[in-house]
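Summary of the model geometry
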Amino acid sequence: MRRALTRSTGALLAAWLFSGCESHAVFDGVAVDPPRPMAAFTFARADGSPFATAPEPGRPMVLFFGYTHCPDVCPTTLADWKRAKAQLGDAAARVRWVFVSVDPERDTPAVAQRYATQYDASFVGLSGDPMTTANIMQAFGVAAAKEDAPTASGYLVSQSSQVFLVDDTGALVALYPFGTRWEALAADLGRVLRRTPLPK
Amino acid sequence: MSGSRRSLLVASATLMAVSSACTTSEGAAPPRERMVRDAWARFADSGATSGAYLTLVNGDTVATTLVGASSPWARATEVHETMQHDGMAHMQARPSITIAAGDSLVMAPGAVHVMLIDLVRAVAVGDTVPLMLRFDNGDSLAVPVPVRTP
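Residues numbered from 1 in each chain as written. Chains lettered and ligands numbered in written order. Predicted model: local features only at pLDDT ≥ 70, side-chain atom pairs only at ≥ 80, totals over all residues.

Our focus in this paragraph is the overall build of chain A. The helix and strand tally for chain A stands at five helices and 10 strands. Counting the 200 residues in chain A, one finds 40% classified as buried. Contacts spanning at least 24 positions in sequence make up 69% of the contacts within chain A whose residues lie at least 6 apart. (Helix = DSSP H or I, 4+ residues; strand = E, 2+ residues; numbered from the N terminus. Buried ≥ 20, exposed ≤ 12 C-beta atoms within 10 Å, placed from the backbone. Contact = placed C-beta atoms within 7 Å.)

Take a look at the structure:
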């Protein structure tokens, strides 16, 4: 009798804990809790077509802000995306992988697109006009600044180096500071995709 | 084989190794003790920037200082270090890096790297970038750097 009571109490506790997990999404990255609705921005792509960061049902979005003269942090991030995408398998086709240049002075839309697709044909590379660039950076709290020290590449850029995960409602749900293992992003995307219904 | 005989053999082999080492060091040109391993570079388009990484081992008994790098495949080559502060990635040129005797300089993504700036040709997976490292005593070290999928 007593053992049965203990079992049912245990089951109740487990159910309560489980429901707690369901209501508060768990992320391997840094959770944004509560999720923050993000404004949408539209970029002109190299071929003239528009690309909007507005939410698409069933399709979470991963964003990174960088620049194509960046030899270290940006390629590392895009290479990590490629690993995460491979780990997710077919489900990764629903993810929008978006690289946004913070250096529109040097990065044309074509250069940004080429840079991103070197890693994976499905990656989107964007470079907007200065106003759009400034606005999306402000919305995501991203900073960038030209370094004072001259270099043979002209100038270096300091930039916010985290990756952003936006769900299919357009809400920012998690961040991945540079140095976060790519498996964390893959695991979180897997979770988000599992709870994101496919559009009918 | 008895234990004492085995010990004798080991001792002889050790003596031979030591003596051959002495012979080498007494030669006209002492061996350079700098070694590079785990070198690799990122792919990039012509005109773009690539990054290269390697581990430079200073097996010498004195410190050595890396003061630059060059490659015929890039219009400029610089050694830089990425640093993270408050979620921002900063890069800083490292015009010289001293490696203590017996120590290693480990280049890695997010840390020290070689910037290959304004490539004169596309660098693709399977290529090997010729890289020359320069040291403060005037020495140079040629390093073939394979390009691989990062």
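Now that the structure has been shown, the text picks up again.
So, about the nonpolar core. For soluble globular proteins, nonpolar side chains are generally found buried alongside one another. Ranked by size, the top nonpolar core spans 50 residues in total, and within it Val62(A), Leu63(A), Val98(A), Phe99(A), Ala116(A) and Phe123(A) carry the most contacts. For Ala116(A), the contacting residues outside a window of four places in its chain are Leu78(A), Phe99(A), Phe123(A), Val124(A) and Gly125(A). The next biggest cluster of nonpolar side chains, apart from the first, holds 26 residues, and it includes Tyr53(B), Leu56(B), Leu105(B) and Leu131(B). (Core = buried A, V, L, I, M, F, W, Y, C linked by C-beta atoms within 7 Å.)

Mean pLDDT over chain A stands at 87; residues scoring 70 or higher make up 86%. Between residues 1-23 of chain A, whose pLDDT stays under 50, and residues either more than four places distant or in other chains, the model counts one contact. (pLDDT = per-residue confidence, 0-100.)

Across the boundary between the two partners, chain A contributes 25 residues, which contact 25 residues of chain B. Elements with a contribution of two residues or more to the side of chain A that touches chain B: α2 (73-88) and β8 (157-160) of chain A. Of all the elements, α2(A) adds the most residues to the side of chain A that touches chain B, at four residues. Looking at the side of chain A that touches chain B, its residues break down into 10 nonpolar, 12 polar and three charged. Inspection of the sheet shows β8(A) paired to strand β5 (residues 88-93) of chain B by two bridges, in the antiparallel sense. (Nonpolar A, V, L, I, M, F, W, Y, C, P; charged D, E, K, R; others polar. Pairing = 2+ DSSP bridges.)

Here we take up the sheet that holds strand β4 (residues 61-66) of chain A. Residues and elements named next belong to chain A. The strand order across the open sheet built from six strands is β1-β10-β9-β4-β5-β6, with neighbouring strands paired in mixed fashion. The sheet terminates laterally at β1 (30-37) and β6 (124-126), the two strands that pair on one side only. On average, each strand axis in the sheet is tilted by 25° relative to the strand beside it, whichever way the strands run. Here strand β9 (residues 163-166) runs beside strand β10 (residues 171-176); their pairing, made up of four bridges, is antiparallel. Bridge pairing in β10 links Val-166 to Leu-172. Here α2 sits on the sheet and contacts β4, β5 (96-101) and β9; the angle it forms with β4, its principal contact strand, is near 165°. (Axes fitted to C-alpha atoms, helices over the stretch in contact; angles between N-to-C directions.)

All names here are of chain A. Helix α5 (residues 182-195) packs onto α2 with a crossing angle of 45° between their chain directions and a minimal axis gap of 9 Å. By the criterion of interaxial angle, the relationship of α2 to α5 is oblique. Regarding α2 and α5, the two cross each other, and that crossing is right-handed. The segment α2 lies against α5, with Asp-80, Arg-83, Ala-84, Gln-87 and Leu-88 engaging Trp-182, Leu-185, Ala-186, Leu-189 and Gly-190. Residue composition of the contact of α2 with α5, grouped by class: six nonpolar, two polar and two charged. (Parallel < 35°, antiparallel > 145°, perpendicular 65-115°, else oblique. Left-handed = near helix turned anticlockwise from the far one by under 90°.)

It is worth spelling out the sheet that holds strand β6 (residues 97-99) of chain B at this point. All names here are of chain B. With antiparallel pairing, four strands are arranged side by side in an open sheet as β6-β3-β9-β10. The sheet is open, and its two edges are formed by β6 and β10 (140-146), each paired on a single side. In this sheet, neighbouring strand axes are inclined to one another by 40° on average, regardless of whether the strands run parallel or antiparallel.

Right, let's get into the pairing of β10(B). All names here are of chain B. With seven bridges joining them, strand β9 (residues 128-135) and β10 adopt antiparallel strand pairing. Paired with Val-129 across the two strands is Val-145, which belongs to β10. Between the end of β9 and the start of β10, which pair antiparallel, lie four residues, with Gly-138 showing a positive phi angle near 95°.

Of all the positions in helix α3 (residues 109-117) of chain A, only Pro109(A), Val111(A), Ala112(A), Gln113(A), Tyr115(A) and Ala116(A) are classed as buried. Where α3(A) is buried, its residues touch β2 (42-44), α2, β5 and β6 of chain A.

Turning our eyes to something else, we now look at the environment of Pro146(B). All names here are of chain B. Inspection of the secondary structure assignment puts Pro-146 in strand β10. Sequence-wise, Pro-146 and Val-129 are 17 residues apart; in three dimensions their C-alpha atoms are separated by 6.2 Å. Dropping the residues within four chain positions of it, Pro-146 is found in contact with Ala-39, Trp-40 and Thr-128.

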